[in-house]
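Listed here are the chains, written in short residue letters.
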Amino acid sequence: MNRPTSRSDSVSSSTGTSEPIPFAQHQAPSSHAQNAAFAEKRGRMLSLVGSTEELLADLAAGPVRFPPGDGADAQQLAVLGLQTLRVAASASGDIETHLLGARLADAAQHLARLRARIADTRSRVLVTGDLNGGKSTFVNALLRRHVVPADQQPCTALFCEVVDAVQNNNIEEVHGIVDAARYSLSDPDSFTAFNIDILRDVVEDNEPGYELLKVYCHDARNGKEDSVLHNGIVDISLIDSPGLNIDSMKTTNLMAQQEEIDVIVFVVNAENHFTLSGREFLQNAGKEKAYVFVVVNRFDQIRRVDRCKRDILKQIAEISPGTYQHADQLVHFVAAKKILEGTADAATRADFTCLEDNLRSFILEKRARSKLNPAKLFLGNLLNDMAILCSYNHTLSAVKSLEISNQLSESAPAYDRMLRIKEQFLDDLDRTIDETATRAHAFARDQLSTFLEGVETYVEDIEWGGVLGMWQYARDLRNAVYRMAAIRLRRCEDFAVKSSVGCVKNIEAMAESCMEKPPTVNMDVVTTAFEDGSAEAGRAAAMSMFVPMELGDFFDVMDKIEVLKEYIPSLGLLMGGLFGYHSVTMGIWKNDPMMVRGKTAFLGVSMAGVGLFLYSLSDMKNVVDRKVLGKIKSHLVNVGLVDGNSERIAKGTRRVLRLAIWEFQNQFQRILIDNQGKRQDLVEMRTKAELSKDEFRALEVRVKTLQRIVNDVDLD
């Protein structure tokens, strides 16, 4: 097989720039200077990881919302994105918030693992790839000996971590580990040791259910300048992993394992290129590791090598752009089996030596890049995500605060009117009721007083039946006055009802102007205020006393004297005339001449008396009117027509208004308290939104400041 041509020229021509190559060929610088420089950069990264943990804790402490899935912000999230959970998250904002909280917790755990990985002086190299891609063969080729089992079948069904036997007192053996977290060389109970020669049987059977096999062995090459494992600078472990597509559970476990790995060596079969599971793994790893070592194995089986290289490099450019930019140092086309078997030609050996030199350089001389760059990349991506979330939630809080302010402003006039109604009408309920009752009382007093003063005008149409009908006339006169008094009382009650209704309607109208659902008032209580039995009894009480119509009740002593003055002369003349007329008649009967002469005189006197008596009787109607009406007026005054009914109407007005307005007041008070509570809640929500807005803005400033510091870290 011919050695592939260098790709440095093609990369430079395709990008249009000549980039400095960060992965120089392996040289052997001073170990002390190298370790000192690495220690300084490692301390810097540990400090940045700690600062990021603090910021992440501050972000996770408050409620954080996730940007809409179809928005640009959500699409830019590299670490905290929920794209894969979009279907579930779209169902509920609460679910999405919960998922984002879980992502933040995962990021915090990853930072803790990242800090531990940076602090660890060892370098862990994960050798992975698709099933039957030659991963184990490649590991054995690096060791120049058969250690991990490899053949045409997928033998590696669990993780085998190969480390230098120097770490185990130069004893070659395998430690079967059930719980990797408890494993310790100083604790024999944490592992089971067995001979390295039976490693294949343990891998294939794994009856104890080991989680990890720790393989302590020597590199076939003792020279520190040649060996990756035994280099004299840093402890390195090569982790041979199961195939990505051996089963879904192991693939998921492998993707989780890569977070604890410093360097990924991805072995791809030259005949199969990158499978879907390989692409997914590398894209997931790319969130933290910008550079991946790619080993295209079994390249000796390819006939059209140029086409194969072109197709694979095109795929790498899509999957891992950083790796593609430095493909000369990171992408190698080799035949590991021939190297292991010692059957490789010079070109094949040169290709593998180039791979080893670049791998050693990446792991040893470029430890700051191989071990620390993943941390830098992850911190950069995480801080960028945090800045996006801070900006989005700051905007969200600002919008929410503005919306709440608008709600408060829009509802303020109605709320202020409610307060005015409460202050003007409901807080001083007795004053509101008394004002209406006082108007009803004043109107009733005026109407009834006017009625009594002009009662004579209401009885002019009553027919006078003469002296013999005097008592019936008096009763008719009394009944007419009572009817008119009842009408006047009803008018006063109607005015009181109208005033009460107006009072309630006024309050209702004001309530409707400021409330979506104003309290309801039972207006029947007001409109039927004077329709109950007590009102009827009140009206009857004012006119229930019978006014007797005896002559003595019509005329007092002075009246009788006046009658005597008026009627006795006429009666005397009448009686004298009759008596004289009787004497004259008797004289004529006896032929007395004197009697005949006086007949004419006595007849004249009698006629004058009759006329005078008849005139006196004709004035009886006026006397009865004056006396009966006076009697009735005195009676109505005595039974309290004016005072009693004015008070009765005022009390009735107060009673119905209290019933109506108090119920209205209770409903209004409940609604007002509810509105006050809602406004208070809005004010508190606005305060929280403003506080959240300020906190997210301050946090965003801190995040971006730290992001600039991380980006400025030079790991070369």
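What counts, and at which threshold
Residues numbered from 1 in each chain as written. Predicted model: local features only at pLDDT ≥ 70, side-chain atom pairs only at ≥ 80, totals over all residues. Heavy atoms only, no water. Helix = DSSP H or I, 4+ residues; strand = E, 2+ residues; numbered from the N terminus. Buried < 20%, exposed > 50% of the residue type's maximum accessible area, 1.4 Å probe, protein only. Contact = heavy atoms within 4.5 Å. Areas by Shrake-Rupley, 256 points an atom, 1.4 Å probe, with all protein chains shown as cover. Pairing = 2+ DSSP bridges. Salt bridge = Lys/Arg side-chain N within 4 Å of Asp/Glu carboxyl O. Core = buried A, V, L, I, M, F, W, Y, C linked by side-chain atoms within 4.5 Å. Axes fitted to C-alpha atoms, helices over the stretch in contact; angles between N-to-C directions. Phe/Tyr/Trp six-rings, centres within 6.5 Å; stacked < 30°, edge-to-face > 60°. Lys NZ or Arg CZ within 6 Å of the ring centre and 35° of its normal. Parallel < 35°, antiparallel > 145°, perpendicular 65-115°, else oblique. Nonpolar A, V, L, I, M, F, W, Y, C, P; charged D, E, K, R; others polar. Right-handed = clockwise from strand over helix to strand, strands pointing away. Left-handed = near helix turned anticlockwise from the far one by under 90°.

### Points about the overall build of the protein
- On a plain count of helices and strands, the protein comes out with 25 helices and 9 strands.
- Taking all 716 residues of the protein together, 46% fall into the buried category.
- Intrachain contacts of the protein at a sequence separation of at least 6 include 81% that bridge at least 24 residues.
- When the accessible surface of the protein is totalled, it reaches about 35300 Å², and 54% of it is carbon and sulfur.

### Details of the pairing of strand β6 (residues 236-240)
- When you tally the buried positions in β6, you get 5 out of 5 residues, the bulk of the element.
- Burial along β6 is two-sided: the face carrying Ile 236, Leu 238 and Asp 240 and the face carrying Ser 237 and Ile 239 are both buried.
- In terms of strand pairing, strand β2 (residues 159-164) meets β6 through 4 bridges, oriented antiparallel. In the sheet register, Val 162 faces β6, and the bridge partner there is Leu 238.

### Thoughts on the pattern of salt bridges
- In this structure the tally under the stated criterion is 22 salt bridges.
- One salt bridge in this structure joins Asp 300 and Lys 338, with 3.7 Å as the shortest N-O distance. Pair noted here: Asp 300 is in the loop between β8 (293-297) and α10 (305-319) and Lys 338 is in helix α13 (residues 336-341), with a separation of 38 residues, a long-range link.
- On the accessibility criterion, Asp 300 (22% relative accessible area) is partly exposed.
- For Asp 311, the salt bridge is made with Arg 307, and the minimal N-O distance between the two is 4.0 Å. Here Asp 311 and its partner Arg 307 are both found in helix α10, 4 residues apart, which amounts to about one turn of the helix.
- What makes Arg 307 partly exposed here is its relative accessible area of 42%.

### Description of the nonpolar core
- One finds Phe 451, Val 504, Leu 636 and Ile 661 to be the most contacted residues of the largest nonpolar core, which totals 52 residues.
- Contributions of two or more residues to this core are made by α16 (373-426), α17 (429-453), α18 (470-512), α19 (523-527), α24 (620-638) and α25 (643-711).
- Looking at this core element by element, the count peaks at 17 residues for α18.

### Some remarks on the sheet that holds strand β3 (residues 173-177)
- Spatial ordering of the open sheet is given by β4-β3-β5-β2-β6-β1-β7-β8-β9, a layout of 9 strands whose pairing is mixed. Each having just a single partner strand, β4 (192-194) and β9 (331-333) make up the two edges of the open sheet. Here the average twist between neighbouring strands, direction ignored, is 20 degrees.
- Sheet analysis places β8 next to β9, joined by 3 bridges and oriented parallel. Looking across to β9, one finds that Val 296 is bridged to Phe 333.
- Strands β1 (123-129), β6, β7 (263-269), β8 and β9 of the sheet are contacted by helix α14 (residues 346-365), whose axis makes an angle of about 160 degrees with β8.

### A closer look at the packing of aromatic side chains
- Enumeration over the complete set of coordinates arrives at 8 aromatic pairs.
- Aromatic side chains Phe 266 and Phe 274 sit 5.8 Å apart centroid to centroid with 25 degrees between the ring planes, which places their arrangement in the stacked category.
- Residue Phe 266 is classed as buried on the basis of its relative accessible area of 0%.
- The class for Phe 274 is buried, based on a relative accessible area of 6%.
- Among the aromatic side chains, those forming a connected cluster through ring pairs are Phe 266, Phe 274 and Phe 281.
- Above the plane of the ring of Tyr 415 lies Arg 679, whose end atom (NZ or CZ) is 4.7 Å from the centre.

### Some details on unusual backbone geometry
- Phi is positive for Arg 144, which is not a glycine, with a value near 60 degrees.
- Following the sequence through the fold, Arg 144 ends up in the loop between α6 (135-143) and β2.
- You can call Arg 144 partly exposed: its relative accessible area is 26%.
- For Asn 170, which is not glycine, the phi dihedral falls at a positive 60 degrees.

### Here we look at the packing of α6 against α14
- Put simply, α6 and α14 touch, their axes get as near as 11 Å, and they point 85 degrees apart. Judged on the interaxial angle alone, α14 and α6 are roughly perpendicular. Contacts between α6 and α14 involve Phe 138, Ala 141 and Leu 142 from the former and Phe 352, Leu 355, Glu 356 and Leu 359 from the latter.
- Of the residues contributing to the contact of α6 with α14, the split by class is 6 nonpolar, no polar and 1 charged.

### Points about the pairing of β7
- Judged by how many residues are buried, β7 sits mostly within the fold: 7 of 7 residues are covered.
- The side-chain alternation of β7 yields two buried faces, one formed by Val 263, Val 265, Val 267 and Asn 269 and the other by Ile 264, Phe 266 and Val 268.
- One ladder, built from 5 bridges, connects β1 with β7; its direction is parallel. Looking at β7, one finds that Gly 129 is bridged to Val 267.
- Running through helix α9 (residues 276-285), the crossover from β7 to the neighbouring parallel element β8 is right-handed.

### Regarding the packing of α18 against α25
- Contact pair α18 / α25: the axes reach a minimum separation of 10 Å and the direction vectors enclose 25 degrees. Accordingly, the angle class assigned to the pair α18 and α25 is roughly parallel. Our pair here, α18 against α25, has a crossing hand that is right-handed. Counting all contacts with α18, which are made through Leu 489, Cys 492, Glu 493, Ala 496, Ser 500, Cys 503, Val 504, Ile 507, Glu 508 and Ala 511, the residues of α25 involved are Asn 645, Arg 648, Ile 649, Thr 653, Val 656, Leu 657, Ala 660, Ile 661 and Phe 664.
- In terms of residue class, the contact of α18 with α25 is built from 13 nonpolar, 3 polar and 3 charged.

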